[in-house]
Amino acid sequence: MLSFIANWLRDLLTAWFQAWHVPLVFVDILAWIVGGVAILILVMVVALVFIYLERKISGYIQSRLGPERVGPWGIFQTAMDALKLLQKEDIVPAGADKILHTLGPIAFFVVGLLGYLVIPWEEGGTIARMVDAHVGVLYVLAFGSLSVIGILMGGWGSNNKWSLLGALRGAAQMISYEVPMLLAVVCVVLLAGSLSLSTIVDQQKTLGLLSWNLWRPWLWLPVILYLIAATAEVNRTPFDLPEAESELVAGYHTEYSGMKFAFFFLAEYGNFFLVGLIFSVLFLGGWSSPFGYPDPLRIPGVIWLLGKATVTVFFLMWVRWTLPRLRVDQLMSLCWKVLLPVGFLSLLIAGTAALYV
Amino acid sequence: MRKRYGDNLWDLLRILAAGAWSILVGLYITGINLIRPGVCERYPRRDHRPDYQPRPGYRGDFALLSDPERPGGLRCIACLQCQNICPDQCIHITPEGKGKDRHPVQFRIDTGLCQFCWLCVEVCPVAAITMTPDYETATDQPQKLIRDLDTLRERGRNIPEPQRVEPVGCVADGGA
């Protein structure tokens, strides 16, 4: 569906531009702009929906009701919250580094968006063919770790000890957990023989549900590793030390208000959804239907992908409202003393499987 | 010496297994709570359950039970025990008469001060004072929170016996 629309648009534009004697480069530029805006809107909508979902789920888990006043079942609650944040005064603390303070949320948000470019939404590839995704895995992981920079900018630029402590914790945590996450992903890459996310999906589509990577026993360790490391990577409980309310007020976004805070918040949920997307691409067969290939239900691949990612996200929310927060030393010892050796072990297992299975 | 992570491989594995099991148990508990129907009342929105009544033992507004054979038409013997035990000192009684004819001519309860601790109900030797399940007592004028003898008598007119159910908290009763 998506590639059909994209191709149709592209053909239309090409015909027009040829008729008006405009260089055809502009078709590509226009396509990038359209794709970028589409991703922006997607992330915004996804963030709003997931913030609502998170509040509802947390409510039900804690025997509450969650938001239910604005609109039926409270579905407009997050939209109203976003509108409220838009109207709020933008407060910059005295002595803050104004440039870094402003750049922090922007960097965080933009970097969060960039990961979406290489996701194979359906057969035929990424949105508007923006990125030739031969090294999609590498790209996603690289930009995932870049979001540390936004956090550090915000934490340092705020001139606040809690912000700085939160940012430092964030940097330490995200860089540490990058390693086991990489090891988990490398196991999948090893079996797929490719760094391209589309290829990884292509190899899981033949038998539908049965050919998912999730059902391969030698990939079970990487599944667990990835889920743990990704939770830490997007700073969610039990690894939400950078924004631990009871210790650091709000961590690196303590001093933010109004739209800058909203950017941090939206980007957090954007990153969170990206984790769900990557998990479904790596282990749940991405855009392919669970009922076989080609899809007997004829549902567009993008819907399958969004559904799978939502299920993953739901699971991580469930975990979040179950587990308490770790201590800083526990966080580090878990990463370096447990996850890293397990990562090497799973790499060994996956390598053996790749050779002999 | 205190055990630490990774002292030896067997301990590490045991710790990991115990941790994983505890996580699964936690997920099970939160999952059950997630799908269990809620116990919340959407209070001001009555469309949920229009016939809602609080549970037995709910401590709402006050009432004085009536007894037509006594002077004043009330069970109350104006012994002042409730006035004396009240920790907020929100009960003020003016008694009249001697012996069996003793009855209150004025009975004021300032529910704005009251903490609904149930002590006055417990202490009453003739079970004359009680609390009704009426929970909608909010008002914008503080003097409207003061209950006088007529109000209390009117409220208690249709109550045959005071509720003697031990008050239940939500922790022991309805909670998880």
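Below or above, wherever it landed, is the structure these notes cover. (Residues numbered from 1 in each chain as written. Chains lettered and ligands numbered in written order. Predicted model: local features only at pLDDT ≥ 70, side-chain atom pairs only at ≥ 80, totals over all residues. Heavy atoms only, no water.)

**Things to note about the pairing of strand β2 (residues 91–96) of chain B**
All names here are of chain B.
Right, on to step 1. Pairing analysis gives six bridges linking β2 to strand β3 (residues 103–110), with the strands arranged antiparallel. In the sheet register, Thr94 faces β3, and the bridge partner there is Gln106.
Right, on to step 2. Two successive antiparallel strands, β2 and β3, enclose a turn made up of six residues, where Gly97 displays a positive phi of approximately 85°. (Pairing = 2+ DSSP bridges. Helix = DSSP H or I, 4+ residues; strand = E, 2+ residues; numbered from the N terminus.)

**What about the interface of chain A and chain B?**
Right, on to step 1. Of the residues lining the interface, 19 residues belong to chain A; the matching set on chain B comes to 15 residues.
Right, on to step 2. Both faces considered, chain A and chain B share a buried interface measuring about 1600 Å² in area, 67% of it formed by carbon and sulfur atoms.
Right, on to step 3. Our count for the chain A to chain B interface comes out at zero salt bridges.
Right, on to step 4. Where chain A touches chain B, the interface holds four residue pairs in polar contact (both at pLDDT 80 or more). (Contact = heavy atoms within 4.5 Å. Buried area = accessible area lost by both parts, 1.4 Å probe. Salt bridge = Lys/Arg side-chain N within 4 Å of Asp/Glu carboxyl O. Polar contact = N/O pair within 3.5 Å; in protein donor to acceptor, adjacent residues only side chain to side chain.)

**Thoughts on the side chain of Asn33 of chain B**
Right, on to step 1. Along the chain, Asn33 of chain B falls in helix α1 (residues 9–35).
Right, on to step 2. Given a relative accessible area of 13%, Asn33 of chain B falls into the buried group.
Right, on to step 3. If sequence neighbours within four positions are ignored, Asn33 of chain B has contacts with Tyr60, Ile61 and Ser63 of chain A. (Buried < 20%, exposed > 50% of the residue type's maximum accessible area, 1.4 Å probe, protein only.)

**Looking at the nonpolar core**
Right, on to step 1. Grouped together as the largest cluster of nonpolar side chains are 79 residues, with contacts concentrated most on Tyr226, Leu277 and Leu282 of chain A.
Right, on to step 2. Take this core: its biggest share by element is 14 residues, from helix α10 (residues 258–283) of chain A.
Right, on to step 3. Leave out the neighbours within four places in its chain, and Leu282 of chain A touches Val185, Val188, Leu197, Ile200, Gln204, Asn213 and Tyr226 of chain A.
Right, on to step 4. If you look at the next biggest cluster of nonpolar residues, it comprises 22 residues, including Phe62, Cys76, Cys114 and Met131 of chain B. (Core = buried A, V, L, I, M, F, W, Y, C linked by side-chain atoms within 4.5 Å.)

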